[in-house]
Amino acid sequence: MAQIPNLDNSSLDLRSLREQSQKELINILRNIRGNKCLVIDPKLSGSLSLIIQTSILREHGAELKHLSADPVQTDCTKVVYLVRSRFNLMRFICSHVRHDTSKGLEREYYIYFVPRREVVCEKVLEEEKIHHLMTIGEYPLYMVPFDEDLLSFELDYTNKDLQVDGDPSSLWHIAKAIHKLESSFGVIPHVRAKGKASVRVADILTHMQTEEPLNSSDMGVPEINTLILLDREVDMVTPMCSQLTYEGLLDEFLQINNGSVELDGSVMGVQQQEGKKMKVPLNSSDKLFKETRDLNFETVVKVLRQKATSMKEDYSEISTNNQTVSELKDFVKKLNSLPEMTRHINIAQHLSTFTSKPSFLARLDMEHTLVDGENYDACFEYIEELIHKQEPLINVLRLLILLSITNSGLPKKNFDYIRRELLHSYGFEHIATLNNLEKAGLLNKQVARSNWVNIKNNLQLVVEDTNTANPTDISYVFSGYAPLSIRLVQHAVRSGWRSVEDILRLLPGPHLETKRAGFSGSPSSNTLNGTAATVGRIADGRRSLVLVVFIGGVTYAEISALRFLSAQEEMAYDMIIGTTKLVNGNTLIETYMEHMG
């Protein structure tokens, strides 16, 4: 399992949230006496790896297995299933019980649903006539701390559920997670929301506060001053662009899963491990990664080179001169960081093999052209060429979606033609995927003129001559493009959204700004009126907190841009990021993909 991140430096006590989740899981195991086989839904194992170490689960008598269609092979007489509320998983469990019964095995069965039980799942157990054999409970894991400023609700399909299937159940989950945060840290007085889903979550939160009121006067000043909710569909341009921060590129090319990447041993310089995968944790516990993760990749290479040169100079100095004990001690301290440095030099070298490819550089040029809202014909021809070359479908769709969004759809003639070409080149089984993308508004026929250039110019999304080494603006994360989503956050915390009201209306979905009841005496209650910079401190001198929640996923480059904003001298807030899932353009598109047959 991945290394559990150190949360000691978090501006919110996320460690207490993690400890609470650990305690709840340990209590489940303690209440089932003796040895038991803990069968974990594979999709949950990554989340659990960031909550609790496997050794602790074993200490409480748990033999660990992953849930699959195959019967559970164990000598334990107690089988505990830890699963999401999914129809197909109930089928697996039913087949396991039937198998055990046919073999004459007498076992006790427990199902703990994460984060809550659902009637549809219990109906399956009833129909299969095994409900009476089950002890059923819940493990309320609504969010997982991924790092000291990052929480994930681990909802994989929020966009597709909402836009294609019309299933809003994830919105209740998001509201419940925020409500749970409020029960620990106080009711958040200011809420801003943009997008249909975000406004709905704000409504659900209000209902929850009415039904299960949290007494704000007992809790004192709330620790989180402002909640900003943003729908992913408000800004689908950003995730379709290639991220250019160190962590963003790691996710683009190597895919970060649950805070770590898997690399071949040879990449990490461990020749005897060639052909074997090594798990490399990536979080702020690694000091060098914390220092470099949010930098533009060009700068990371320079930083690593400087550090290596400095260490080399220190070494030659130490070997030629008589050093004091204190100087020797400083040098040894530096040597302690050598494994981290070696690791990141190896990773950076590996990433460079991708970033230096002419195909990647050509793609970046095309993305910048599309974001500029210029030269539609050249972009269309480039995508057509990719299809004829049989480039991976997901790469083609990513650019095509970017073209469609910035151009407010494709002219009907081009739309019909490109759809035909895609199906001929990649197979007619992808027709369901194209239909999903169309239904979600990502790949459309043009029905009106595009507002993109107006939005881009008014929000200053394209910044010429961006200094990626010493950035002064969030645009450094995409080498010249400032993520639209983060520009909206920037306006929200600096001067409120009233100054960009006209632009907000051009973006998908409604928006709201509201002050929740009972906070007129809060020291930070003027935030909504655009005086954020002057009221950003709470009574004990700490900076106020903004919780930014992305409904539908956030990219690592956007997280880097938020960290950059928060670090600016004139910024009066620390930021915590909440998201339904950590995504990039590829993983986002994959959720819409369906294979027929």
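Summarised in this report is the structure supplied together with it. On a predicted model such as this, the values are computed, not experimentally measured, just so you know.

The rules behind the values
Sequence order sets the numbering: in each chain, residues are counted from 1 along the sequence as written. Per-residue local features of the predicted model are confined to residues with pLDDT of at least 70, and side-chain atom pairs are confined, for both listing and counting, to 80 or more; whole-chain, interface and lining totals are unaffected and use all residues. Hydrogens are left out, water is left out, and the side-chain values use all remaining heavy atoms of the structure. Partly exposed residues are those whose accessible area sits between 20% and 50% of the maximum for their type, while under 20% is buried and over 50% is exposed, using a 1.4 Å probe and protein chains only. Only DSSP runs of H or I with at least four residues qualify as helices, and only runs of E with at least two residues qualify as strands; both kinds are numbered from the N terminus onward. When DSSP locates at least two bridges between a pair of strands, those strands are taken to pair. Comment: axis = line fitted to C-alpha atoms, over the contacting stretch for helices; angle = value between 0 and 180 degrees taken between N-to-C directions. A clockwise turn of the near helix away from the far one marks a right-handed crossing, whereas an anticlockwise turn of less than a right angle marks a left-handed crossing. In what follows, residue pairs with any heavy atoms lying within 4.5 Å of each other are defined as contacts. The classification used treats Ala, Val, Leu, Ile, Met, Phe, Trp, Tyr, Cys and Pro as nonpolar, Asp, Glu, Lys and Arg as charged, and all other residues, Gly among them, as polar. Ring geometry is summarised as follows: Phe, Tyr and Trp rings, the Trp one being its six-membered ring, pair when their centres sit within 6.5 Å, and such pairs are stacked at plane angles under 30 degrees, edge-to-face over 60 and tilted between the two. Placement of a positive charge over a ring is assigned whenever Lys NZ or Arg CZ falls within 6 Å of the ring centre and within 35 degrees of the normal to the ring plane. A side-chain nitrogen of Lys or Arg and a carboxyl oxygen of Asp or Glu constitute a salt bridge if their distance falls within 4 Å. N or O atoms within 3.5 Å of each other form a polar contact, as long as, within protein, one can give a hydrogen and the other can take it, and as long as residues adjacent in sequence are counted only when both atoms are side-chain atoms. Residues are called lining when one of their atoms sits within 4 Å of a cavity or pocket point, these points coming from a 1 Å grid over the protein atoms alone, where a cavity is a set in which a 1.4 Å probe fits but cannot get out and a pocket is an open set with protein on both sides within 12 Å along at least five of seven lines. Grid points are joined across faces, edges and corners, and a volume is the space filled by probe spheres set on the points.

**Quick word on the pairing of strand 9 (residues 224–231)**
Right, so step 1: Counting buried positions along strand 9 yields eight of eight residues, so the element is predominantly enclosed.
Right, so step 2: Taken together, the five bridges between strand 8 (residues 190–194) and strand 9 define a ladder with parallel strand orientation. Within strand 9, the residue paired with Arg-192 across the bridge is Ile-228.
Right, so step 3: Judged from the seven bridges that link them, strand 9 and strand 13 (residues 544–551) form a sheet pairing that is parallel. Bridging from a neighbouring strand, Leu-230 pairs with Phe-550 of strand 13.

**A closer look at the packing of helix 11 (residues 246–254) against helix 15 (residues 338–355)**
Right, so step 1: Between helix 11 and helix 15, whose axes approach to 11 Å, the crossing angle comes to 65°. The two elements helix 11 and helix 15 meet at a crossing, and its hand is left-handed. On the side of helix 11, the interface is formed by Tyr-246, Leu-249, Leu-250, Phe-253 and Leu-254, while helix 15 contributes His-344, Ile-347, Ala-348, His-350, Leu-351, Phe-354 and Thr-355.
Right, so step 2: When the residues that make up the contact of helix 11 with helix 15 are grouped by side-chain class, the tally is nine nonpolar, three polar and no charged.

**Overview of the packing of aromatic side chains**
Right, so step 1: Following the criterion strictly, the structure yields nine aromatic pairs and no others.
Right, so step 2: Note on Phe-253 and Phe-354: the rings are 4.8 Å apart at their centroids and 10° apart in plane angle, and the pair reads as stacked. On the criterion of sequence distance, the pair formed by Phe-253 in helix 11 and Phe-354 in helix 15 is long-range, its members being 101 residues apart.
Right, so step 3: The exposure class of Phe-253 is partly exposed, given its relative accessible area of 26%.
Right, so step 4: Seen in terms of ring centroids, Tyr-476 and Phe-564 are 5.3 Å apart; in terms of plane orientation they differ by 55°. Their pairing is tilted. Of this pair, Tyr-476 sits in the loop between helix 21 (452–458) and helix 22 (484–494) while Phe-564 sits in helix 24 (residues 556–567); the two residues are 88 residues apart in sequence, bridging distant segments of the chain.
Right, so step 5: Owing to a relative accessible area of 13%, Phe-564 belongs among the buried residues under this scheme.
Right, so step 6: Each member of the aromatic cluster is reached from another via a ring pair, and the members are Tyr-246, Phe-289 and Phe-297.
Right, so step 7: In this structure, Arg-116 packs its charged tip against the face of Trp-172, placed 3.8 Å from the ring centre.

**Quick word on the sheet that holds strand 12 (residues 511–515)**
Right, so step 1: Pairing is mixed across the open sheet formed by seven strands, whose spatial order is 6-7-14-13-9-8-12. Unpaired on one side and paired on the other, strand 6 (144–147) and strand 12 mark the two borders of the sheet. The mean inter-strand angle of the sheet, taken between neighbouring strand axes irrespective of direction, is 20°.
Right, so step 2: The pairing of strand 13 with strand 14 (residues 573–579) spans seven bridges and is classified as parallel. Across the sheet, residue Ser-544 finds its bridge partner in strand 14, namely Tyr-573.
Right, so step 3: Seen against the sheet, helix 8 (residues 196–211) touches strand 8, strand 9, strand 12 and strand 13 and runs at an angle of roughly 140° to strand 9.
Right, so step 4: Strands strand 8, strand 9, strand 13 and strand 14 of the sheet are contacted by helix 22, whose axis makes an angle of about 150° with strand 9.

**Digging into the pattern of salt bridges**
Right, so step 1: For the coordinates displayed, the defined rule picks out 35 salt bridges.
Right, so step 2: One salt bridge in this structure joins Asp-100 and Arg-107, with 3.0 Å as the shortest N-O distance. Across this residue pair, the class does not change: Asp-100 and Arg-107 are buried.
Right, so step 3: As a salt-bridge pair, Glu-367 and Arg-363 come within 3.2 Å of each other at their nearest N and O atoms. On the criterion of helical spacing, the pair formed by Glu-367 and Arg-363 is a turn pair, its members being four residues apart in helix 16 (residues 358–372).
Right, so step 4: Judged by relative accessible area, Glu-367 falls into the buried class, the value being 1%.
Right, so step 5: A cluster of three or more residues bridged by salt bridges with shared partners is formed by Asp-147, Asp-149, Glu-247, Arg-293, Asp-294 and Arg-563.

**Quick word on the side chain of Lys-194**
Right, so step 1: Counting through the fold element by element, Lys-194 comes out in strand 8.
Right, so step 2: A polar contact is formed between the side chain of Lys-194 and the backbone oxygen of Gly-509, at a distance of 2.5 Å.
Right, so step 3: Residues within four places of Lys-194 in sequence aside, it is in contact with Leu-229, Leu-230, Asp-231, Val-234, Trp-497, Leu-504, Leu-507, Pro-508, Gly-509, Pro-510 and His-511.

**Some remarks on the sheet that holds strand 1 (residues 36–40)**
Right, so step 1: The five strands are arranged 2-1-3-4-5 in an open sheet whose pairing can be described as parallel. If you trace the sheet from one side to the other, it starts and ends with strand 2 (62–66) and strand 5 (134–138), each paired once. Neighbour-to-neighbour, the strand axes of this sheet turn through a mean angle of 20°, independent of strand direction.
Right, so step 2: Where strand 3 (residues 78–84) and strand 4 (residues 108–114) come together, seven bridges link them in parallel fashion. Of the residues in strand 4, the one forming a bridge with Val-83 is Phe-113.
Right, so step 3: Relative to strand 3, helix 2 (residues 42–49) is tilted by about 85°, and along the sheet it contacts strand 1, strand 2, strand 3 and strand 4.

**Digging into the layout of surface pockets**
By rolling a water-sized probe across the atoms, one finds the places where empty space is left.
Right, so step 1: In this structure, the second largest pocket encloses a volume near 820 Å³.
Right, so step 2: Listing elements by their share of the lining of the second largest pocket, those giving two or more residues are helix 6 (158–163), helix 8, helix 18 (393–406) and helix 21.
Right, so step 3: At four residues, the largest contribution of residues to the lining of the second largest pocket is made by helix 6.
Right, so step 4: Partitioning the lining of the second largest pocket into residue classes produces 19 nonpolar, 13 polar and ten charged.

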